[in-house]
Amino acid sequence: MRTFLTLSATVWLVSSAAPQTFRLEKADGYHGIWYSNQPTGDQYVYKYSGGLATYPQQHSPIAIYAPAARKTFFCYGGTVAGRQELLVMVSYYDHVTRQAPRPRILLNRKTDDAHDNPVLALDERGHLWIFANSHGTARPSYIYRSIAPYSINEFERVWEGNFSYANPWWVPGEGFLFLHTRYERGGRSLYWMTSRDGLAWSEPQLLARVELGHYQVTRQAGERIATAFNYHPPPLGLNARTNLYYLETADLGRTWKTADGRPVPVPVMRPEHPALVHDYRSEGLLVYLKTLEFDRAGRPVILFLTSRGFEPGPKNDPRWWRIAHWTGEKWEIRKLFTSDHNYDFGSLYIEADGVWRIIAPTDPGPQPYCTGGEMVMWLSRDEGRTWQRARALTRNSPRNHTYARKPVNAQPDFYALWADGDAKKFSDSALYFTNRDGTAVWRLPWQMTSEFARPERVR
């Protein structure tokens, strides 16, 4: 039995029983979930689809490098080969042995919906936290904590409730700021909660709800945690997503500021707000968020794509990748390059030597004008003003590659994680990673009979 106690506008979850403990079953290899959304009735088959183990961009982070363990821990939406039943998976890459263990099965979500894919957090004691999302309110959401530091063998379930599109950020010495989405009144509202220990959580606070709601991407830099979001106007809602907004907090949500440091009131309730970076609705363009980063001076950079419509196919070309970069005085927005699908997702890297790097499926794949394609690495040496195609990471693939995700504190030998899948029909889906220079790509072991195995180099 659980009861709720309300104290000083804070809701605490109190359980009369000890948290549930789970010793995790080992999978026999790395198999990603295949998922499709919104049939189109044409040659493109779905609005988006494919191997979506590392989907969606609204979930962050999914991978974190732990220096004390010399491992990159990651979670993803897995399955059993040949099936469409989503399993919440957790594993790691060992940078010393260059091996990966058999991945662990934390939870069977009993759905094929990749919106239920998990996210990961790591506290300063080394405990792994898995936030198991739910798509809307049909299923409960859970929070798990590893029993031992830097271990994937055993977890305890410490919280049960509801959230979607989780973004938990741990601030050392302070605790969690948990940005997430809640489905209510026919749309998606942005909220945040805080917790000192991950066990007792504050009451959800509304950050933004304009018309039919929002999607967001977030990032942390020390005590600063930022969000970039769009909004969903009626009648199409998410299929009309547009505009670009930015807010940040350095005190776990007590105050929110624009990029120039001005405190602003929240929640955001109208399209016209000081958080607005650019009004794309007036230009008739949709906004598909990709990632949010900070430059070497700590100024935000938002990576996103614009399109003329939500449907796949050439009629909505050109699909421009863009960055919005806060210069300290204004937002500068630049076009970078194009690709052939709204859900072609990639990650932005801003490195200590001044190089800006993007890893994204910008080349058409074997299923053109469908989700993903062939992975490409792009470089800029002038803070995003000009870009050069550095190299193709994949080529002549049988299935589209997509959703290249950047680990927190990414290491040169495990720099981006993604999956592949046939975007037009159900298929197997493998998981891949690349190094920083893009000189090699590895596939995580598909079939494992031993506890550890080296990933297979495929390029």
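These numbers were taken from a predicted model, which means no experiment stands behind them.

1. Quick look at the nonpolar core
If you look at the biggest cluster of nonpolar residues, it comprises 82 residues, and the most contacted ones within it are Ile130, Phe131 and Ile358. Sort the elements by how many residues they give to this core and strand S9 (residues 87-94) lands first, with 6 residues. If we skip the residues at most four places from it in the chain, Ile130 touches Cys75, Val88, Val90, Leu106, Pro118, Val119, Leu120, Tyr142, Ile143, Tyr144 and Phe155. In terms of nonpolar packing, the next biggest core, distinct from the first, is built from 19 residues, Val171, Leu252, Val268 and Ala275 among them.

2. Side note on empty space enclosed by the protein
This structure, assessed with the given rule, holds 2 cavities of 30 Å³ or more. Taken as a whole, the largest cavity holds about 100 Å³ of empty space. Together, 14 residues line the largest cavity, and Ser60, Arg219, Thr291, Phe345 and Arg405 are the ones closest to its centre. Of all the elements in the fold, those that place two or more residues in the lining of the largest cavity are strand S20 (216-221) and strand S26 (286-294). If you add up the space inside the second largest cavity, you get close to 40 Å³. For the second largest cavity, the full set of lining residues is Gly32, Trp34, Thr79, Val80, Ala81, Gly82, Arg83, Phe426, Ser427, Asp428, Ser429 and Trp446. When grouped by side-chain class, the residues that make up the lining of the second largest cavity number 5 nonpolar, 5 polar and 2 charged.

3. Points about the packing of aromatic side chains
The description of two aromatic rings rests on the distance between their centres and on the angle between their planes. Evaluation of the coordinates by the stated rule reveals 45 aromatic pairs. When the ring of Phe22 is compared with that of Tyr144, the centres are 5.9 Å apart and the planes differ by 70°; the resulting orientation is edge-to-face. One end of the pair, Phe22, is in strand S3 (residues 20-23); the other, Tyr144, is in strand S14 (residues 141-146), with 122 residues separating them in the sequence. The exposure class of Tyr144 is buried, given its relative accessible area of 0%. Each ring, one from Tyr48 and one from Tyr343, has its centre 4.2 Å from the other, and the planes form 25°; the classification is stacked. Pair noted here: Tyr48 is in strand S6 (residues 46-51) and Tyr343 is in the loop between strand S29 (331-339) and strand S30 (347-350), with a separation of 295 residues, a long-range link. The exposure classification of Tyr48 matches that of Tyr343, with both residues buried. Every member of this aromatic cluster is reached through a ring pair, and the members are Trp129, Phe131, Trp159, Phe163, Trp170, Phe176, Phe178 and Trp201. Note that Arg182 overlies the ring of Tyr191, its terminal NZ or CZ placed 5.7 Å from the centroid.

4. Here we look at the environment of Gly284
You can see Gly284 is positioned in the loop between strand S25 (276-278) and S26. Given a relative accessible area of 46%, Gly284 falls into the partly exposed group. Spatially, the C-alpha atom of Gly284 lies 25 Å from that of Pro361, the residues being 77 residues apart in sequence. Excluding residues that lie within four positions of it along the chain, Gly284 makes contacts with Ser307 and Arg308.

5. Here we look at the confidence of the model for the chain
Here the chain averages 95 in pLDDT, and 96% of its residues register 70 or above. Within the model, pLDDT remains below 50 along residues 1-17, and this stretch shows 30 contacts once partners closer than five positions in the same chain are excluded.

6. Examining the environment of Leu379
One can find Leu379 in strand S32 (residues 374-380). Taking relative accessible area as the criterion, Leu379 reaches 14% and is therefore assigned buried.

7. Comments concerning unusual backbone geometry
Between Ser60 and Pro61 the backbone carries a cis peptide bond, its omega angle lying at -10°. Relative to the elements of secondary structure, Pro61 occurs in the loop between S6 and strand S7 (63-66). Put simply, Pro234 and Pro235 share a cis peptide bond, and its omega is 0°. Structurally, Pro235 can be placed in the loop between strand S21 (224-231) and strand S22 (242-249). If you check the backbone angles, Asn243 has positive phi at about 65° while not being a glycine. On the secondary structure map, Asn243 appears in strand S22. Phi is positive for Asn396, close to 55°, though the residue is something other than glycine. Secondary-structure assignment places Asn396 in the loop between strand S33 (388-392) and strand S34 (400-405).

Reading the values: rules and limits
Residues numbered from 1 in each chain as written. Predicted model: local features only at pLDDT ≥ 70, side-chain atom pairs only at ≥ 80, totals over all residues. Heavy atoms only, no water. Core = buried A, V, L, I, M, F, W, Y, C linked by side-chain atoms within 4.5 Å. Buried < 20%, exposed > 50% of the residue type's maximum accessible area, 1.4 Å probe, protein only. Helix = DSSP H or I, 4+ residues; strand = E, 2+ residues; numbered from the N terminus. Contact = heavy atoms within 4.5 Å. 1 Å grid on protein atoms, 1.4 Å probe; cavity = no way out; pocket = protein on both sides within 12 Å on 5 of 7 lines; lining within 4 Å. Points joined across faces, edges and corners; volume = space filled by probe spheres on them. Nonpolar A, V, L, I, M, F, W, Y, C, P; charged D, E, K, R; others polar. Phe/Tyr/Trp six-rings, centres within 6.5 Å; stacked < 30°, edge-to-face > 60°. Lys NZ or Arg CZ within 6 Å of the ring centre and 35° of its normal. pLDDT = per-residue confidence, 0-100.

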